[in-house]
Amino acid sequence: MKKLSLTIFLDAFVLTLLGLVLVMSASSTYSAFKFDSLFYLFNSHFFKVVAGIIFMVVFAVIPYELYKGISKYLLTASVIILILTLIFAPDIKGAGRWINLGFLTFQPSDLARFAIIIHLSALIERKGKEVENLKNGFAYLFFWVIVVAGLIFIQPNLSNGILVLIISVMIMFVGGAKLKHILGSISICAIMGGAGAMIFAHSRERIMTFIHSF
């Protein structure tokens, strides 16, 4: 288990370093033109990466039992914040995704994604074999996925909503959910999500641009 944890950490670290290289390569010209410094945007990203690694190490040493104990409250708080975001977040380029606390600006969808992963894991451990049952296991888990992904989707934040859905069904599959339940649920979500994506102007434009590219 320790070897697996170390492997995951090293993979994440290598991808982070690759990201730094790509950011430097992609932003240097624009940074020099806009801010008169090749490293302005890179430095901003670098400090965020350092902060992220620090937080990753801190959260990694916290016993997972603590996360399991607060998962319900964390998910409930995330849902409430997502609802408040829909009501109060300023509209930026056709979407209300960000909350500004003055000293920090963040996307509640990031917190919700973290919360749903923890809560699904706790529920799967608690329900055990019941996850295979559509009514008593899978449906209850998938209900929370739909709530979180749906609230993110209507911000609208389609990419994060889809990401939450994909991560969640992967967790449920590994946790013992039947493939037919997962595929059936994803098919319904895909139809509803595709129809919903065509409602919002910016997502419809992206879809049509992708189709026309062929």
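I will try to describe carefully the structure that is included in this document.

Conventions used here
Residues numbered from 1 in each chain as written. Predicted model: local features only at pLDDT ≥ 70, side-chain atom pairs only at ≥ 80, totals over all residues. Heavy atoms only, no water. Helix = DSSP H or I, 4+ residues; strand = E, 2+ residues; numbered from the N terminus. Buried < 20%, exposed > 50% of the residue type's maximum accessible area, 1.4 Å probe, protein only. Polar contact = N/O pair within 3.5 Å; in protein donor to acceptor, adjacent residues only side chain to side chain. Contact = heavy atoms within 4.5 Å. Expected span 1.5 Å × (residues − 1). Salt bridge = Lys/Arg side-chain N within 4 Å of Asp/Glu carboxyl O.

Right, let's talk about the side chain of Ser31 for a bit. Position of Ser31 among the secondary structure elements: in helix H1 (residues 2-35). Since its relative accessible area comes to 0%, Ser31 is described here as buried. Here the side chain of Ser31 touches Tyr40 through a polar contact of 3.3 Å, landing on its backbone nitrogen. For Ser31, the contacting residues outside a window of four places in its chain are Asp36, Ser37, Leu38, Phe39, Tyr40 and Leu41.

The backbone phi angle of Asp36 is positive, close to 60°, even though this residue is not glycine. Mapped onto the elements of the fold, Asp36 is located in the loop between H1 and helix H2 (40-60).

For helix H4 (residues 108-127), spanning 20 residues, the distance from its first C-alpha to its last is 28 Å, which sits close to the expected 28 Å at 1.5 Å a residue. Looking one or two residues beyond H4, the residue adopting positive phi is Gly128, at roughly 60°.

Inspection of the entire model under this criterion finds 4 salt bridges. Between Arg113 and Asp110 there is a salt bridge, with the nearest N and O atoms lying 3.0 Å from each other. A residue pair is termed a helical-turn pair when its members lie 3 or 4 positions apart in one helix, as Arg113 and Asp110 do in helix H4 at 3 residues. Between Lys129 and Glu132 there is a salt bridge, with the nearest N and O atoms lying 3.8 Å from each other. For Glu132, a relative accessible area of 31% corresponds to the partly exposed category.

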